[in-house]
Amino acid sequence: MPKLSNNERIRNIAIIAHVDHGKTTLVDAMFKQSGLFRVGQEVDERIMDSMDLERERGITIAAKNCSVVWRGVKINIIDTPGHADFGGEVERAISMADGALLLVDASEGPLPQTRFVLKKALAAGLKIIVVINKIDRKDARSDEVLDEIYDLMIDLDATEEQLEFPLLYAIGREGIAQENLEEKGKDLHLLLDTIIKEIPPPAYDTNEPFQMLVSDLGYSDYLGRLAIGKVFNGKTGHNISLVCIDSEGKHNPLKVSKLQTYAGLKFAEIENTEPGDIIVLSGIENVKIGDTICTKEFPKPLKRISVDEPTVSMKFTINTSPFSGMEGKHVQSSRIRERLNKETLRNVAVQVEDTGERDSLIVKGRGEFQLAIVIETMRREGFELCVGRPEVIVKYRNGEKLEPVEHLFIDCDENFLGIVSEKLSSKKGRMTNLVNNGRGRIRMEFSIPSRSLIGYRDEFLTDTKGTGIMNSYFTGYEPYRGNFPVRFTGSIVSDRQGNAVPYALFNLEPRGHLLIAPGDPVYEGMVVGEHNKEGDINVNPCKEKKLSNMRAAGKDDNVILSPVRPLTLERAINFIREDEMVEVTPVSIRIRKSVLSAHKRHAMRSAKLKIEQ
């Protein structure tokens, strides 16, 4: 018979919030008010966003842990990403939590990514505390947002107990929490007290031996591989023989060199573990997320973390352009393969498969944004590689072709209703809801194939003059909705190697939108612009003005070129067609044809036309 007990000295809470709803700022304030920093200590803003990419983009990419101590109780705070493409991080965070803090903007209300993470938290049976943040905003509508939260939770099949959630209002930037809108709070003590009062302490079975579920992995130059996870039952200490039970049920013996737990943002060494705490074990090799670590005498696996399947795949290959090896440190296929395999150990939502070709791999993930973050991280680490266009992963059931479908939310000015709905319907989208609140902005909802959204975000921002908001989440697989044109324009392709010349670019401008500036190095097969018409054209961007010994009026006019938008990784990935690739180096991002030789491409096109006839 299980004999259950609670560890009252610990609370484990996950924070759920949409991008830019103030989660990281609120956690900063909790750190400062819990006494983690001494008075007058200089502290960076958004200390939870430790990755450079997170600080640049203002989003949480990797779920991270930290802790504060309040009234003698240790509160482990588990960060969750606000973007559905990083959903693999969500399952990991929720596996360690006993409750969740739902943070919602007082003006924007619960947005789609909030829905995605909240659905996982409710399904796991977590106790929810709702905090409506940024109540000092001029456009705050706290009462309406509260109604939207109730509607959302009912829609997500929340239990009666989960619907009776504690409610607080906050101004995260000022470090204030209050019970109602009338009485202004002084600090976050009320929030910290509510967490201790409302979030259940971790329960454990006193009869069970030590069991820990590995929810995250880390690496230390001094200690080697780090296994991070929650202790579900029992205790352990230093130099005790443990085993790691993998996905196939195999028992791998291991010896822990160091036991640590979270103290603020850092690790603190401990002698013994407590049930319910989140700990870090050092010196363990060959451990994967979802494994159970337990005692050698009583090996008993816990339920593994289940992760939603990937929906998008991309081809990663070595850089085969003439500029290969000039700008990056790591160019070999073995180094790229090793780095991607390392990514799968840290990120459960990423999968790597062999293509049968020596120099290429297929990488699968939740969305093209997640894969773009993997590529950007590798680029900053000195890798040089080429990637193909993102493709959705289709399935077949009883001979029927199925594809991933998203629920898309659009918030834009009512003037743009026509162009947005026209574009999305041409991409096989179906409008499911339209709300016009009479304030000049409308909300639309669509059921749309995932492949329709690849490359659409830039188009959407152009169509809505940068004022539209677009969010989506994955709903499941549905019957294939048919083909549609991906891009109506062709590419302007360089036919030789050299440096781009202003005179040549000036004469190419009427042909389309250029992607390169004067002086940029080019090579045969490199895409230098977007053609106005459907087909590709081969051009010479290195052509110089013919000089003559006769001077004539107007011959030596200065060439003034239109400014070129810098090519970002996401823009390049969204732009390319099936026969194109993105060349990524630590210094440059270029678009190129998969087959560089103009002669070979012409021969392939002719062969294809013959087959079609």
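Asker: Hey, could you run me through the overall build of the chain in this one?
Answerer: If you tally the helices and strands in the chain, you get 15 helices and 35 strands. Taking the contacts inside the chain whose residues are at least 6 apart along the sequence as the reference set, 72% of them involve residues at least 24 apart. For the chain, the exposed area adds up to about 29500 Å²; of that, 49% sits on carbon and sulfur atoms.

Asker: Got a minute to help me understand the pattern of salt bridges in this structure?
Answerer: As a working rule, side chains carrying opposite charge can pair if their charged atoms are close by. Per the stated rule, a full pass over the model turns up 35 salt bridges. Across the salt bridge formed by Lys-258 and Glu-269, the nearest N and O atoms sit 3.9 Å from each other. Taken together, the positions of Lys-258 in strand S14 (residues 258-263) and Glu-269 in strand S15 (residues 266-269) put the pair 11 residues apart, joining distant regions of the chain. When the shortest N-O distance is used, the salt bridge between Arg-590 and Glu-583 registers 2.9 Å. The same class applies to Arg-590 as to Glu-583, namely buried.

Asker: Is there a simple way to explain the nonpolar core in this structure?
Answerer: Across soluble globular proteins, nonpolar side chains have a tendency to be buried as a group. Leu-102, Leu-118, Ile-128, Ile-132, Ile-149 and Met-153 are the most contacted members of the largest nonpolar core, which totals 40 residues. Setting aside residues no more than four positions away along its own chain, Ile-132 makes contact with Val-104, Ala-106, Ser-142, Val-145, Leu-146, Ile-149, Leu-167, Leu-168, Tyr-169 and Ala-170. Grouped together as the second largest cluster of nonpolar side chains are 30 residues, Ile-318, Leu-567, Ile-576 and Val-584 included.

Asker: Can you walk me through the packing of helix H1 (residues 23-33) against helix H7 (residues 189-198) in this structure?
Answerer: Put simply, H1 and H7 touch, their axes get as near as 10 Å, and they point 90° apart. When the axis of H1 is compared with that of H7, the two are roughly perpendicular. The segment H1 lies against H7, with Leu-26, Met-30 and Gln-33 engaging His-189, Leu-191, Leu-192 and Ile-195. Its residues assigned to classes, the contact of H1 with H7 comprises five nonpolar, two polar and no charged.

Asker: Just to check I follow, could you spell out the sheet that holds strand S6 (residues 127-133) for this structure?
Answerer: The strands making up a sheet are joined through hydrogen bonds of the backbone, oriented either antiparallel or parallel. Ordered by their spatial adjacency, seven strands build an open sheet running S3-S4-S2-S5-S6-S7-S8, and the pairing between neighbours is mixed. Strand pairing shows two members of the sheet lacking a second neighbour, strand S3 (65-70) and strand S8 (176-178), which therefore form its edges. Ignoring strand direction, the axes of neighbouring strands in this sheet form an average angle of 30°. Across the sheet, H1 touches strand S2 (10-17), S3, strand S4 (73-79) and strand S5 (99-105), and the angle it forms with S3 is around 40°.

Asker: How should the pairing of strand S35 (residues 589-593) be read in this particular structure?
Answerer: Consecutive residues of a regular strand have side chains that alternate between opposite faces of the sheet. Summarising burial for S35: five of the five residues are buried, a large majority. Pairing between strand S32 (residues 526-531) and S35: two bridges, direction antiparallel. Within S35, the residue paired with Met-526 across the bridge is Arg-592. By the bridge criterion, five bridges tie strand S34 (residues 580-584) to S35 in an arrangement that is antiparallel. In the sheet register, Met-581 faces S35, and the bridge partner there is Arg-592. Hairpin connection, S34 to S35: the antiparallel pair is bridged by four residues.

Basis of the calculations
Residues numbered from 1 in each chain as written. Predicted model: local features only at pLDDT ≥ 70, side-chain atom pairs only at ≥ 80, totals over all residues. Heavy atoms only, no water. Helix = DSSP H or I, 4+ residues; strand = E, 2+ residues; numbered from the N terminus. Contact = heavy atoms within 4.5 Å. Areas by Shrake-Rupley, 256 points an atom, 1.4 Å probe, with all protein chains shown as cover. Salt bridge = Lys/Arg side-chain N within 4 Å of Asp/Glu carboxyl O. Buried < 20%, exposed > 50% of the residue type's maximum accessible area, 1.4 Å probe, protein only. Core = buried A, V, L, I, M, F, W, Y, C linked by side-chain atoms within 4.5 Å. Axes fitted to C-alpha atoms, helices over the stretch in contact; angles between N-to-C directions. Parallel < 35°, antiparallel > 145°, perpendicular 65-115°, else oblique. Nonpolar A, V, L, I, M, F, W, Y, C, P; charged D, E, K, R; others polar. Pairing = 2+ DSSP bridges.

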